[in-house]
Structures are given as C-alpha cells and as structure tokens.
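Structural overview
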Amino acid sequence: MSEERKNNNPEVVEEFTEEQLSEQRQIRRQKLRNLQEAGRNPFVVEKWDVTANSIQIKDNFDDFEEKQVSIAGRIMAKRGMGKASFIDIQDKTGRIQSYVRVDAIGEDDYKWFKTYDIGDIVGIEGIVFRTKHGEVSIKASKLVLLSKSLQVLPNKWHGLKDTDLRYRQRYVDLIMNQDVRETFYKRATIIKSIKNVLEGDFGFLEVDTPVLTTIAGGANARPFNTHHNTLSLDMKLRISNELFLKRLIVGGMDRVYEMGKMFRNEGMDRNHNPEFTSMECYMAYADMEDMMNITEQIVYKAAMAVNGSPIVEYQGKSFDVTPPWARLDMTEAVKKVTGIDFGVIVADDEAQKAAIKYGMDEEAVAKMTRGKIIAEMFEEYCEDAPGLLEGPIFVTGHPVEISPLAKRDANDPRITRRFEAYMNSWEIANAFSELNDPIDQYERFVEQQKQLDTGEDDEAHPMDMDYVNALEVGLPPTGGLGIGIDRVIMLISNAPSIRDVILFPTMKPLGHEVSKNDDEDADLPIDFSKVKVEPLFEDMVDFETFSKSDFRAVKVLNCEEVPKSKKLLQFTLNDGSGVERTILSGIKEFYKPEDLIGKTLVAITNLPPRKMMGIDSCGMIISAIHDEEGEEKLNLLMLSNRIPAGAKLY
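Residues numbered from 1 in each chain as written. Predicted model: local features only at pLDDT ≥ 70, side-chain atom pairs only at ≥ 80, totals over all residues. Heavy atoms only, no water.

**A short note on the overall build of the protein chain**
The cut-off we apply is this: Strands are runs of DSSP state E lasting at least two residues, helices are runs of H or I lasting at least four, and both sets are numbered from the N terminus onward. Burial classes follow relative accessibility: with a 1.4 Å probe on protein chains only, a residue under 20% of its type's maximum area counts as buried, one over 50% as exposed, and anything between as partly exposed. In what follows, residue pairs with any heavy atoms lying within 4.5 Å of each other are defined as contacts. Each accessible area is a Shrake-Rupley estimate made with a 1.4 Å probe; only the visible protein chains count as cover when residues are assessed. By the counting scheme adopted, Arg and Lys are positive, Glu and Asp are negative, and His together with the chain ends is not counted. Just so you know, the charge point we use is NZ for Lys, CZ for Arg, CG for Asp and CD for Glu.
Secondary structure assignment for the protein chain yields 21 helices and 31 strands. Judged by the C-alpha coordinates and their principal axes, the protein chain covers about 90 × 75 × 55 Å. For the protein chain, buried positions account for 47% of its 650 residues. Of all intrachain contacts in the protein chain linking residues separated by at least 6 positions in sequence, the fraction that spans at least 24 positions is 64%. When the accessible area of the protein chain is evaluated, it comes to approximately 32,800 Å², of which 50% is carbon and sulfur surface. Of the side-chain charges in the protein chain, 82 are positive and 110 negative, and the distance between the mean point of each set is 6 Å.

Below is the structure:
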C-alpha cells in the first residue's frame, strides 16, 4: 500500500447518529455561508472545461504523462499531510488521485481547500504524474469548488446498503456503489445492441406510438386509468403498443419497432414493476419462425456485447444463449409434469374431470374450456417445475382462448401460431404469427369483451372496432414479437431484482407506507358483536414445550409477491443473526408487499425449512386472525420499530 494511502485519515470513519448528522449538515451550511461571504460562492460557477476523465488518464498514462489536463468530479476521500494533501476524485468513469500542495495552488486557495468536504464537486487543472509508489495522479495547479455538498454521504466502507433507501435515493446509490453504475452502463449497451440488431441486421424502422389511449389493447392486463380534462375523456396508459404498430403494417410500413415504457396496474415483485420497458417489432410477410430467429439474435448479441460470451451467468446458474434454442409444446409440457395427455382429451368436460382429479379447484375449472385448462395447468404446475423452463427455450402451442391476437394453427385450429421464450423459468418474450382475419378477430374480441363485462376475467382484451377496421383494410401475413427488456437486462447483467435495472423504480412515497389494515381502518368503529374468534385451547401444554418455539422480532428488509401464487408474499428479514432469513406467508389478500418494508414483525425462527412454490420458507410470520360475518380477517402482529431485530419474545 502506498504511503499516501497509509496516511489515510478519511473524513468519515464511522456511521453518524441522526443527531450527529444534523450537526454535520449545519456545519456544512455554515461553511457555505463563509464561502459566500468571502466571494467564493460555488453555485455561481456555470462551467468547467473537462479535457480528460479518470479512466482515459489511467489507461493511457504514457500519452498523458507530464501533460496538462483538466478534470472534474466529486471528492470521495481526503488525506492531509501538512502543507500537502491527497484527494480522490470520482468522475463518470471512476476515481483518480490528485496531489494538492499549498505552494502549487497558493496559500489562500489551500486554506479554503482544507474546508472542503467529502461529496463536494471540484474542478482540477494539473500535470499527470506517477507517485513514487506507482499511483497515477494529477499534480494540481488549480482547484476550484464547483458545487458544495450539504448532505453527508454514507460511510465509504459500509456504503449505501439499505435496499429501500438505495432505490429511493438512486443518486446516492450511484455515487457510492460502482457496481450499480456499471449495471446501468450495461443496460445502455444492451439497448444499443438490440437496436443495432433490429435496424442493422433486419432493416426495422423505429417509430413512436401513443402512450395515452382510450382502449388499452394488445395484451391481457389491467391498465392505469387517467382523465383528459380538455376533452373530458377517460383515458388509459398503454399496456402494449401492438395494435398501433400493426396498424402501421397495414399502412405499408413493412418493418417497424418501438422500444418504450408500458404500464400495467398489477402486482410488484422481483420480476414486475408497474412501469417497465418493452420492445415490440412487426415484420410483414414473416411468421413465428422468423420471430424466433430475431429473438435468438437479440439475446445472443446483447450477451456478447456486454460479456463477450454467449454464456450468461445468473445468480449461480449458467445459460448458453447460442442459437438455435430448444422448443417445447405447451400440451407436452403439461403432460411431462402432470401426466395428463390433453392430446387425447377432446371434450371440455373430460378436460375438467382430469384437471379436478389432479387437484385443480373444482369451482374454477367448471367454467373453463379445454384450452383454458391447458393454459392454467401450464402456468400453475409447469412454470415453476425444476429444470423444465431453465432454457433458453421456446414454448409453443398456446390455446386460442388465451391468444386473441394470434393466427390459428392450420393443422390444429384449437391452438395458435405463438411462442413464449423462457430463460431461468421467466418469460422474456412473446410472439405470434399475427391474426389477420378480421372476421375471426372480431369474434375473438366479442368473446373477450363478454368475459370483461361479466367480470369473469378483468384482464380480458376489450373490443377495438378501429383495429378490426384496419384488418378489413388488409393486414399482410405478419410476424410480431414483444420482449421484456428489463428481464433480459436482469439476466445478462446478473441483477437479482428488476428494481436493480430500473434507475427510478416505482416506490410508495415515504409517509404513505402504512398498510390499509392499519391506518385506513384505524378510526373506524369496530362492532365486536360481529367478530368471532376460535375457542381457546383447553388442552394444556407444559412450559418446556411452549418455550421451544423461538419467537423473535424481525425487520422486513424486502417483501414481494411470489410469482404465480395468489396467496404468498416472500419476506426477506433481518432476524439479528447477521444472515438474511426468507419466510413465505399466505397474506397477499390482506397486505401489499411494499407497505410492509421497514416494519418490525414477530416470527418463529426455529422451524425446519418448508418448500413453498419451490422456495425454502424458514420460519413463520405471526398474525392474528378472526372471523367477521363469515369472512376471515387477518392482522399481522407489528411491533415498535424501536425494538431491535432478534429481540426474543417471552
């Protein structure tokens, strides 16, 4: 370690208490006032000419040695050595050391420089050299304060680790965590690669279509609703841009694509954010097979652009995305997992009997067709089946009931010419040979609208007569593809959550984090005459048996919906042991996961792990339940946040 590093005397050496932080902020504001009174107000500076960045200088030292450079960035460390100091400057590419001497910048400037804080932004002019210990540095001849930081950055060793705070204050996260910055540089590289494939390899034209629309079509999903005041018109945020893009194909723009934000008013979890990035492309005179080729090329070349290899390493798994990818028929997948061969089952009632016998809900299945049952069983039993959809793999043979915009298979009109691409058991792409028969399309829309009107399916596709009219004008045979860009980026950049690849993920504002079970109902009178609780147990247990259950206070670090589960929330907990604990709890009906982050709950922590939806649940979250007018009510036991994680309950 170099001598200048050994003499490390960082300004921040430990975590500050809130009282100390407040004091530090006041000190910084006073420093700013002193600067302003001396005519050195940093906030009047408009510009600084930057001639090089840290990586350029370090990687090309021979070209820069003894040359004058001008850099700018944030002070991340200060090491004082009498009349000389070393500081680390962080710019967009990394960090570089600067050597600041009183005789080089002048006594007055050096006096003020000594008052600068970690986090302040400065401009430096100087000569590039290498210290006697071999570190590339800049010998400052001029140093100017460009912006005063009035907040205290997190401790440089601990960094910014609180997940919730990282997402809320992404600007601090980007400053403190280099791997976070690298993830978003990778995101930009992946998006550029995708556009290069579409435009350079396949000749697509990038277009823009409306975000606000009166009909949220192109997918089966719940939209966000809004209102246009001038037109006095209820509108929706788009859930897909498919129908607009296919209108352009009708108009003769044979190859079009759009990459942009979609909005779906649905659950939030590791793989879902209400606002997400999607790419959809449509190619006239092409089919599903062409879309498979495009999908393979997009993912393969994006992986090569970022990692230089077709091997994608994700959370301990490896995926080879080299084309061609494997294929699996949906009906065959259901047969593999459940043993039920829907290939030989023709009638709806036979399909219903087989599904009920396997364990599907009898009441729900009674309303389903054979095709709908196949799709439901695939979703329920196959998507999480170990190894089945690790992929990359194309799943084909989707029933027509769940594919209102796809062309029927000529050999089997019960299914469509559609595929979904899976990787790590996640759906990353969806594609069709597009339905271009306006009469068939109208009839499917009628059926979907009926399901929407009766409440049978609140995500069914609404009627869109203008789109039917466009098909009547004439849509050529067309292949269409949609790719979930955020999920592809997650996989290629090895990011554990979708929030890690979205700069500003959707978050509930601070001050509005209390569950509906708490504050919204807190002031409502409770009619306890309608409340029933289970009778107390009359059988006694001995104290030793009871004491074997280890009840602990736990802090909720993260909470998210378990994909494909209608009941489960997955908690990531601090139980005081220093190792994060995962517990699944069937309370999704009662609580939104984002409302529970930061709460202090009660859990039993010494139960053996139990597999739930393929995830080990290590313990039990404690709730209080009662019956009210025939309906089960549930309340999580929540403790004061003053109680530390791991505190034992007696």
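**Brief notes about the packing of helix 9 (residues 178-201) against helix 18 (residues 485-493)**
This is how it is decided: Angles run from 0 to 180 degrees between N-to-C directions of axes, and those axes are lines fitted to C-alpha atoms, restricted for helices to the stretch in contact. Roughly parallel refers to an angle under 35 degrees, roughly antiparallel to one over 145, roughly perpendicular to one between 65 and 115, and oblique to any angle outside these ranges. Should the near helix be turned anticlockwise from the far one by less than a right angle, the crossing is termed left-handed; should it be turned clockwise, right-handed. Polar here means any residue other than Ala, Val, Leu, Ile, Met, Phe, Trp, Tyr, Cys and Pro, which are nonpolar, and Asp, Glu, Lys and Arg, which are charged; Gly is therefore polar.
Between helix 9 and helix 18, the shortest axis-to-axis distance is 10 Å and the interhelical angle comes to 120°. Viewed along their axes, helix 9 and helix 18 adopt a mutual orientation that is oblique. For the pair helix 9 and helix 18, the crossing hand works out as right-handed. Taking contact as the criterion, the partners of T183, K186, R187, I190, I191 and I194 in helix 9 are, on helix 18, I485, D486, I489, I492 and S493. A class-by-class count of the residues in the contact of helix 9 with helix 18 yields 6 nonpolar, 2 polar and 3 charged.

**A word on helix 12 (residues 330-338)**
Operational definition: Directions from the helix axis toward the C-beta atoms define the arc. Counted as a polar contact is a pair of N or O atoms within 3.5 Å, where, for protein atoms, one must be capable of donating a hydrogen and the other of accepting one, and residues adjacent in sequence contribute only when both atoms are in side chains.
Turning to helix 12, its buried residues are M330, T331, A333, V334 and T338. With its buried residues spanning 155° around the axis, helix 12 presents them on a single face. Against strand 14 (326-329), helix 13 (348-358), helix 15 (370-382), strand 15 (393-396) and strand 18 (418-423) lie the buried residues of helix 12. Measuring from the backbone nitrogen of T331 back to the side-chain oxygen at the start of helix 12 gives 3.0 Å, which picks out D329 as the cap. In the stretch just after helix 12, G339 is the one whose phi turns positive, near 85°.

**Points about the sheet that holds strand 5 (residues 136-147)**
This is how the line gets drawn: By this definition, two strands are paired if DSSP reports at least two bridges between them.
With mixed pairing, 5 strands are arranged side by side around a closed barrel as 1-2-3-5-4. Strand after strand, the sheet turns through a mean of 55° between neighbouring axes, direction not considered. Examined bridge by bridge, strand 4 (residues 121-130) and strand 5 share 10 bridges and lie antiparallel to one another. Note on strand 5: the bridge partner recorded for G126 is A140.

**Thoughts on a nonpolar patch on the surface**
Quick reminder of the rule: Like charges within 9 Å and nonpolar side chains (Val, Leu, Ile, Met, Phe, Trp, Tyr) within 5 Å are joined into patches, using only residues over 30% in relative accessible area that form no salt bridge. A carboxyl oxygen of Asp or Glu within 4 Å of a side-chain nitrogen of Lys or Arg is what we treat as a salt bridge.
On the surface, Y442, V446 and M465 cluster together into a nonpolar patch covering about 270 Å² of accessible area. Position of M465 relative to the elements: it lies in helix 17 (residues 465-474).

**Thoughts on the side chain of D486**
Inspection of the secondary structure puts D486 in helix 18. At a separation of 2.8 Å, a polar atom in the side chain of D486 contacts the main-chain amide nitrogen of T277. Excluding anything up to four places from it in sequence, D486 contacts R187, F276, T277, I498, V501 and I502.

**Structural notes on the confidence of the model for the protein chain**
Selection criterion: Per residue, pLDDT captures the predictor's confidence, and it can take any value from 0 to 100.
When pLDDT is averaged along the protein chain, the result is 90; 94% of the residues meet or exceed 70. Under a pLDDT of 50 for its full length, residues 513-523 has, in the predicted model, 22 contacts with residues more than four places off or in other chains.

**Here we look at the pattern of salt bridges**
Summed over all chains, the structure comprises 36 salt bridges. Between D103 and R101 there is a salt bridge, with its nearest N and O atoms 3.1 Å apart. Judged by relative accessible area, D103 falls into the exposed class, the value being 58%. Through salt bridges with shared partners, one network takes in R28, K31, D117, D120 and K148.

**Comments concerning the environment of A406**
Within the element layout of this structure, A406 appears in the loop between strand 15 and strand 16 (408-409). We classify A406 as buried; its relative accessible area is 0%. On a C-alpha basis, the gap between A406 and A624 in space is 47 Å, while along the polypeptide they are 218 residues apart. Not counting residues within four places of it along the chain, the set of residues in contact with A406 comprises T416, R417, R418, F432, S433, L435 and R444.

**Overview of a negative patch on the surface**
Together, D62, D63, E65 and E66 line one region of the surface with negative charge. For D62, the position within the fold is in helix 4 (residues 61-64). You can call D62 exposed: its relative accessible area is 68%.

**Focus: the packing of aromatic side chains**
The criterion, for reference: Any two of the Phe, Tyr and Trp rings considered here, Trp counted by its six-membered ring, make a pair once their centres fall within 6.5 Å; the pair's planes then place it as stacked at under 30 degrees, edge-to-face at over 60, or tilted in between.
Scanning the entire structure with this criterion turns up 10 aromatic pairs. Between the aromatic rings of F113 and Y116, the centroid separation amounts to 6.0 Å while the plane-to-plane angle is 90°, which identifies the pairing as edge-to-face. The same class applies to F113 as to Y116, namely buried. Ring centres of Y314 and W426 lie 5.3 Å apart, and the angle between their planes is 75°; on these two criteria the pair is classed as edge-to-face.

**Side note on the pairing of strand 1 (residues 68-81)**
A regular strand carries its side chains on alternate faces of the sheet. Summarising the sheet, strand 1 and strand 4 pair through 7 bridges and their orientation is antiparallel. Each residue of the ladder has a partner; that of G73, found in strand 4, is V122. Pairing geometry for strand 1 and strand 2 (residues 84-90), over 7 bridges, is antiparallel. Paired with M81 across the strands is A84, a residue of strand 2. Between strand 1 and strand 2, which pair antiparallel in sequence order, lie 2 residues; one of them, G82, sits at a positive phi of approximately 70°.

**What to know about helix 13**
Taken residue by residue, helix 13 has A351, Q352, A354 and A355 as its buried positions. Mapping the buried residues of helix 13 onto a view down its axis gives an arc of 165°, with all of them on the same face. Across from the buried face of helix 13, at angles greater than 90 degrees, the exposed residues are K353 and K357. Buried residues belonging to helix 13 abut helix 14 (362-365) and helix 15.

**Points about the packing of helix 9 against helix 11 (residues 288-307)**
When two helices pack together, their arrangement is given by the angle between their axes and by how far apart the axes lie. Where helix 9 contacts helix 11, the axes come no closer than 9 Å and their chain directions differ by 140°. Between helix 9 and helix 11, the angle falls in the class oblique. When the axes of helix 9 and helix 11 are compared, the crossing they make is right-handed. Mapping the contact onto sequence places K186, T189, I190, S193, I194, V197, L198 and D201 in helix 9 and I294, Q297, I298, K301, A302, A305 and V306 in helix 11. Tallied by class, the residues present in the contact of helix 9 with helix 11 amount to 9 nonpolar, 3 polar and 3 charged.

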